[in-house]
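# Residue-level structure breakdown
The lines below spell out each chain.
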Amino acid sequence: MRTIKLAVIGAGARGFLSYMPYVRRSPGEVEVVAVAEPNEERRTRFAEAFNLTSEQLYATWEELLSRPKLCDAVLICTQDQMHYEPTIAALRQGYHVLLEKPMSHNPAECVEMERAAREEDRLLSICHVSRYTPFWQNVKQLVQDGRIGDVMSMQHNENVGYLHYAHSFVRGNWRNDAIASPMILAKSCHDMDLIRWIVDADCAKVSSFGSLGHFRLDQAPAGSTDRCTDGCQAEATCPYSAPRFYMQDPEINRFAALIADPPTEANRMQAILEGPYGKCVYRTDNNVVDHQTVQMEFENGVTVVFSMCGFTRDMNRTVQIMGTKGEIRGDLLSGRIELFEFASGTQTVIPIPAGEGGHQGGDDGIMRQFLSDLRHERYRDTLTSAAASLESHLMAFAAEASRRSGGAVVDMKRYRQSLAATARIDVGQQARASE
């Protein structure tokens, strides 16, 4: 078995903590030969984990990609608005690319990345890790096998979890679409992808409603302050108290481990006192929605309602798929799928064990598949290729456009045609503006 050589751009939570455990467990299958990471502590930690020399370490992706081709593929795990340039540069230099989702915050850039992969005959795979989990693969298989007949309608819920929402989308890196992406992309492009995959047809129409309803200054409790540690009179009873949340044991609360590197008690307290994770959730520069619904009609007649909400107890996804011969209900958190068949009136409960690794086995699954695709030279029409992912990204962009216009219905055929005609112009203008 040929060993695939890999470089990593972005050695943070996704690039190091999510995907590298599989690499460490598979020394004969994959080898990391370089890393680009601006944070010196993360760069050093990564180097120690993979025995990299100083010559294999780069502070920026530009430095890494300016060198002659180093390896087979590049794993790009930068922030949302830093995906396009390294991806295009890597593809043009002959690298295959595994790219963290979303592809980009800009639809024209998504179109161009998919086009570049085709032109260079390179594999560009998007990290829609949910497709690789046992839970969603079982749901897909039940539908594909016709166990509920023809799918008529689908209800899909993303329960973000109130603490996860506050951490990532109020205080964290995805709080503002000017520096990241709209919520429908940053968090819910997984869901758009799953819906498109299960329905197995192009989307015809989209409309959406939602807003930032709670995490605003006018909702701040009396006596609150800019930071939780500034003598806030509401801190003791506030569900989003930074000291109470982030000073928990990082082994118990994984979010606590993400605000400081390394996450010692002293470092975490300093982050609370000085960084964004100690700010009052009602007094940040966040602007992404805290609840949103999307209504979709597909070319095959299937209708779908998707709901995302930041005010839920758990982080969980639930799904109900209604067909002509039966119904599927699934709960990701419990790992339980219920199949009800109309003809027999019987219900079958299918327990789904969580897969090994993060995201219920999805992180390991996508790494395994990406390496296999490279080894067997499968560069197109793979499970999460850019071509497969582009449609669900465009659904998300259309949904955000609808939401911002007050819920107007977007005709997806016209939207695609308009975007395809202007994509090269838009991307070219951006490139010239940045020069």
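Residues numbered from 1 in each chain as written. Predicted model: local features only at pLDDT ≥ 70, side-chain atom pairs only at ≥ 80, totals over all residues. Heavy atoms only, no water.

### Digging into the sheet that holds strand S2 (residues 30–36)
Pairing in this open sheet of 6 strands is parallel, and the strands run S3-S2-S1-S4-S5-S6 from one edge to the other. Among the strands making up the open sheet, the edge pair consists of strand S3 (57–58) and strand S6 (124–126). Here strand S1 (residues 4–9) runs beside S2; their pairing, made up of 6 bridges, is parallel. Each bridged residue has a counterpart across the sheet, and for Lys5 the counterpart in S2 is Glu31. (Pairing = 2+ DSSP bridges. Helix = DSSP H or I, 4+ residues; strand = E, 2+ residues; numbered from the N terminus.)

### Some thoughts on the sheet that holds strand S7 (residues 151–159)
With respect to topology, 9 strands assemble into an open sheet ordered S14-S13-S12-S11-S7-S10-S9-S8-S15, the strand pairing being mixed. Strands at the two margins of the open sheet, each flanked by one partner only, are strand S14 (346–351) and strand S15 (410–411). With 7 bridges joining them, S7 and strand S10 (residues 303–309) adopt parallel strand pairing. Along S10, the bridge assignment pairs Glu158 with Met308. Together, S7, strand S9 (291–298), S10 and strand S11 (316–323) form the strand contacts of helix H10 (residues 189–199), whose direction differs from that of S7 by roughly 160°. Relative to strand S8 (residues 203–211), helix H14 (residues 386–404) is tilted by about 50°, and along the sheet it contacts S8, S9 and S15. (Contact = heavy atoms within 4.5 Å. Axes fitted to C-alpha atoms, helices over the stretch in contact; angles between N-to-C directions.)

### A word on the nonpolar core
Ranked by size, the top nonpolar core spans 88 residues in total, and within it Leu124, Trp136, Tyr165, Ile195, Met296, Phe298 and Ile321 carry the most contacts. Broken down by element, the residue count for this core peaks at 8 residues, all from H14. Membership of the second largest hydrophobic core comes to 30 residues, among which are Val35, Phe50, Leu123 and Phe370. (Core = buried A, V, L, I, M, F, W, Y, C linked by side-chain atoms within 4.5 Å. Buried < 20%, exposed > 50% of the residue type's maximum accessible area, 1.4 Å probe, protein only.)

### Quick word on the pattern of salt bridges
One pass over the full model with this rule turns up 27 salt bridges. A salt bridge links Arg2 to Asp72; the shortest N-O distance between them is 3.2 Å. In this pair, Arg2 sits in the segment before S1 while Asp72 sits in the loop between helix H4 (61–66) and strand S4 (73–76), placing the two residues 70 residues apart along the sequence. In this structure Arg2 comes out as partly exposed when scored by relative accessible area, which is 43%. Through salt bridges with shared partners, one network takes in Glu158, Lys187, Asp191 and Arg317. (Salt bridge = Lys/Arg side-chain N within 4 Å of Asp/Glu carboxyl O.)

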